[in-house]
Amino acid sequence: MDKIRIGGIMQNGHLAMLNITSVPDRPGTAAAILGGLGKKSINVQFIVQCIDQNNQDQVALCVDRDDLPTAIETLHAVAPELSAGQIVSFPEAAIVSIFGPDFRERPGIAGTMFEALASVNINILAISTSISTVSCVIESLHLDAALGALRKTFDLP
């Protein structure tokens, strides 16, 4: 089978992931979280949010590992305003992303990426996509294996 051609691979192995759980779904949740982090000059490099069957938001985001203590402090400060559940941190996270100009017209790219990561026993902690990028948060200790699996699976320029 021919390899799927992609534009390239991006990575960042010096991240921490934070999960904010059980936030009642209402307008302003993302504004409070990201606004608070922005006021502390913390750049959020990955974010995904979903609503569960109990109408509770779950927010996962990644920040530079060096910003983790300030990010935790900031999120704990906004948590009461949001009636948030827990704030859980994963201090050793990485993002690996593939990108390409024709992802929107090519079914199967995300699945192929996930199969490549699974083939080297890498668990995906979070996923985010756009029309041209598929990004996965993984444990940072698996970054080299993830990059190897993706280079083996995809046709790179």
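The rules behind each value
Residues numbered from 1 in each chain as written. Predicted model: local features only at pLDDT ≥ 70, side-chain atom pairs only at ≥ 80, totals over all residues. Heavy atoms only, no water. Helix = DSSP H or I, 4+ residues; strand = E, 2+ residues; numbered from the N terminus. Rg over C-alpha atoms; globule rule 2.2 N^0.38 Å. Buried < 20%, exposed > 50% of the residue type's maximum accessible area, 1.4 Å probe, protein only. Contact = heavy atoms within 4.5 Å. Pairing = 2+ DSSP bridges. Axes fitted to C-alpha atoms, helices over the stretch in contact; angles between N-to-C directions. Parallel < 35°, antiparallel > 145°, perpendicular 65-115°, else oblique. Left-handed = near helix turned anticlockwise from the far one by under 90°. Nonpolar A, V, L, I, M, F, W, Y, C, P; charged D, E, K, R; others polar.

Re the overall build of the protein chain
Looking only at helices and strands, the protein chain features four helices and six strands. Counting from the amino terminus, helix and strand elements in the protein chain follow one another as β-α-β-β-α-β-α-β-β-α. In terms of overall dimensions, the protein chain is globule-like: its C-alpha atoms have a radius of gyration of 17 Å, near the 15 Å expected for 157 residues. On the principal axes, the C-alpha backbone points of the protein chain span a range of 55 × 30 × 25 Å. Within the span of the protein chain, comprising 157 residues, buried residues form 40% of the whole.

Re the environment of Val-88
Among the structural elements, Val-88 can be located in strand E4 (residues 87-99). With 69 residues separating them along the chain, Val-88 and Asn-19 place their C-alpha atoms 5.1 Å apart. Leaving out residues up to four positions away in the same chain, Val-88 has contacts with Met-17, Leu-18 and Asn-19.

With respect to the pairing of strand E6 (residues 133-139)
Taking burial as the measure, the seven residues of E6 include six buried ones, the bulk of the element. Of the pairings in the sheet, the one linking E4 to E6 comprises seven bridges and is antiparallel in character. Residue Ala-93 lies in a different strand from E6, and its bridge partner there is Glu-139. Alignment of strand E5 (residues 126-129) against E6, held across four bridges, turns out to be antiparallel. Considered in E6, the bridge of Ile-127 is made with Cys-136. Two successive antiparallel strands, E5 and E6, enclose a turn made up of three residues.

Examining the packing of helix H3 (residues 109-119) against helix H4 (residues 143-153)
Viewed as axis vectors pointing N to C, H3 and H4 meet at an angle of 130°, and their least axial separation amounts to 9 Å. Relative to H4, the element H3 is oriented oblique. Crossing angle aside, the handedness with which H3 passes H4 is right-handed. Between H3 and H4, the residues in contact are Thr-112, Met-113, Ala-116 and Leu-117 and Ala-146, Ala-149, Leu-150 and Thr-153, respectively. Across the contact of H3 with H4, the residue classes break down as six nonpolar, two polar and no charged.

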